[in-house]
Amino acid sequence: MSPGVRKVALTAHVASSVGWFGAVAAFLALAVAGLASGDPEAARAAYLAMELTGWFVIVPLSLLSLITGVVQALGTQWGLFRHYWVLVKFVITALATAVLLVHMRPVSHLAERAGSGAHGSLQVQVLADAGAAAVVLLVAIGLSVFKPRGLTRRGWRALQRPDRAGTARTTTPEP
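Residues numbered from 1 in each chain as written. Predicted model: local features only at pLDDT ≥ 70, side-chain atom pairs only at ≥ 80, totals over all residues. Heavy atoms only, no water.

## Remarks on helix α5 (residues 153-160)
Selection rule: For each residue, the accessible area found with a 1.4 Å probe, counting protein chains only, is set against the maximum for its type, and the residue is called buried under 20%, exposed over 50%, and partly exposed in between. Each helix is a run of DSSP H or I of at least 4 residues and each strand a run of E of at least 2, with the numbering of both proceeding from the N terminus. This arc describes the spread of directions from the helix axis toward the C-beta atoms.
Of the residues making up α5, those classed as buried are Gly155, Ala158 and Leu159. Seen along its axis, α5 keeps its buried residues to an arc of 100 degrees; they face one direction. Structural note: α5 exposes Arg153 and Arg157 on the side pointing more than 90 degrees away from its buried face.

So this is what it looks like as structure tokens:
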């Protein structure tokens, strides 16, 4: 990628990833409000807001984060399968997106039935899932910031291939 395209792709990736984390934090706050509220109407409002936030903010941002992450990996020197931190971050993002899609079903169920009776275990599950999502996303953010060293086998093979000057590469690419 050209430097300009790379910066646009990186900006889109960072914005979608940070937005995803922020939306999950708001979702977590709504889950706490829904569980802690003694008012059935307030709980219903929290679960309706969670459903809307989930489907119209969190799901699109997770998909955008996944897509832009793959674009970044394939369009830069990092590659998708060269460095363990990139590969682990990709797996985390893909699994988190898949789990999110499954997780939205109980949220929709709560939104449909909120205020009609006790859903204590489901409310706790949604709260725990939101908390776990925040932790998982923090791990992905940490991987992006710290970029722990470590090449995959494919990364090592790429280093051993001669460059255009005919010499083997001896260092890993810089960020």
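There is more to say, and it comes next.
## Overview of the layout of surface pockets
Spelled out, the test is: Cavities and pockets were defined on a 1 Å grid built from protein atoms only: a cavity is a group of points that admits a 1.4 Å probe but offers it no way out, a pocket is an open group of points flanked by protein on both sides within 12 Å along at least five of seven lines, and a lining residue is one with an atom within 4 Å of any such point. Grid points are joined across faces, edges and corners, and a volume is the space filled by probe spheres set on the points. Under the scheme applied, nonpolar residues are Ala, Val, Leu, Ile, Met, Phe, Trp, Tyr, Cys and Pro; charged residues are Asp, Glu, Lys and Arg; polar residues are all the others, including Gly.
When its volume is computed, the largest pocket comes out at roughly 670 Å³. Lining the largest pocket are 30 residues, with Leu10, His13, Trp85, Lys89 and Ser144 sitting closest to its centre. Within the residue set of the lining of the largest pocket, elements represented by two or more residues are α1 (3-36), α2 (40-75), α3 (84-113) and α4 (120-146). No other element matches the 8 residues that α1 contributes to the lining of the largest pocket. When the residues that make up the lining of the largest pocket are grouped by side-chain class, the tally is 18 nonpolar, 9 polar and 3 charged. In this structure, the second largest pocket encloses a volume near 270 Å³.

## A word on the packing of α3 against α4
Using the following cut-off: Only C-alpha atoms enter the line fits that serve as axes; for helices the fit covers just the stretch in contact. Angles between N-to-C directions range over 0 to 180 degrees. Here is the rule for angles: anything less than 35 degrees is roughly parallel, anything more than 145 is roughly antiparallel, 65 through 115 is roughly perpendicular, and the remaining ranges are oblique. Handedness of each helix crossing follows the sense of rotation of the near helix against the far helix: counterclockwise by less than a right angle gives left-handed, clockwise gives right-handed. When checking whether two residues touch, look at their non-hydrogen atoms; a contact exists if any pair is within 4.5 Å.
Close contact between α3 and α4 brings their axes to 10 Å; oriented N to C, the two are set at 160 degrees. The angle between α3 and α4 falls in the class roughly antiparallel. Viewed along their axes, α3 and α4 form a crossing whose handedness is left-handed. For the pair formed by α3 and α4, the contact residues are Trp85, Val88, Lys89, Ile92, Ala96, His103, Pro106, Val107, His109 and Leu110 on the first element and Leu122, Gln123, Gln125, Val126, Asp129, Val136, Val139, Ala140, Leu143 and Ser144 on the second. Here the contact of α3 with α4 is built from residues that sort into 13 nonpolar, 5 polar and 2 charged.

## Comments concerning the pattern of salt bridges
This is how it is decided: Think of a salt bridge as a Lys or Arg side-chain nitrogen and an Asp or Glu carboxyl oxygen that are within 4 Å of each other.
Under the definition given, this model contains 1 salt bridge. In this structure, Arg113 and Glu112 form a salt bridge, with 3.1 Å as the shortest nitrogen-oxygen distance. Assessed through its relative accessible area of 36%, Arg113 is described here as partly exposed. Overall, Glu112 belongs to the exposed group, its relative accessible area being 56%.

## Structural notes on a positive patch on the surface
Cut-off, in case you're wondering: In this scheme, patches are assembled from residues that exceed 30% relative accessible area and form no salt bridge. Like charges are connected within 9 Å, while nonpolar side chains (Val, Leu, Ile, Met, Phe, Trp, Tyr) are connected within 5 Å. We get accessible surface area from the Shrake-Rupley algorithm with a probe of 1.4 Å; when it comes to residues, only the shown protein chains can shield them. Working convention for charge: Lys and Arg count positive, Asp and Glu count negative, and His plus the chain ends are omitted. A single reference atom marks each charge: NZ on Lys, CZ on Arg, CG on Asp, CD on Glu.
Together, Arg82, Arg153, Arg154, Arg157 and Arg161 give the surface a local cluster of positive charge. Structurally, Arg82 is set in the loop between α2 and α3.

## Topic: the environment of Phe27
Within the secondary structure, Phe27 is located in helix α1. A relative accessible area of 4% means that Phe27 is categorised as buried. C-alpha separation for the pair Phe27 and Ala134, spaced 107 residues apart in sequence, amounts to 9.8 Å. Excluding its chain neighbours within four sequence positions, the residues that come into contact with Phe27 are Met50, Ile58, His103, Val107, Val126 and Ala130.

## What to know about the side chain of Gln123
Heads up, the rule is: Each polar contact in these results corresponds to two N or O atoms within 3.5 Å; when the atoms are within protein, one needs to be able to donate a hydrogen and the other to accept it, and residues that are neighboring in sequence are counted only if both atoms are side-chain atoms.
Considering the arrangement of structural elements, one finds Gln123 in helix α4. For Gln123, a relative accessible area of 14% corresponds to the buried category. Looking at Gln123, its side chain comes within polar contact range of the side chain of Tyr47, at 3.1 Å. The contacts of Gln123, once residues within four sequence positions are left out, are Gly34, Leu35, Tyr47 and Leu110.

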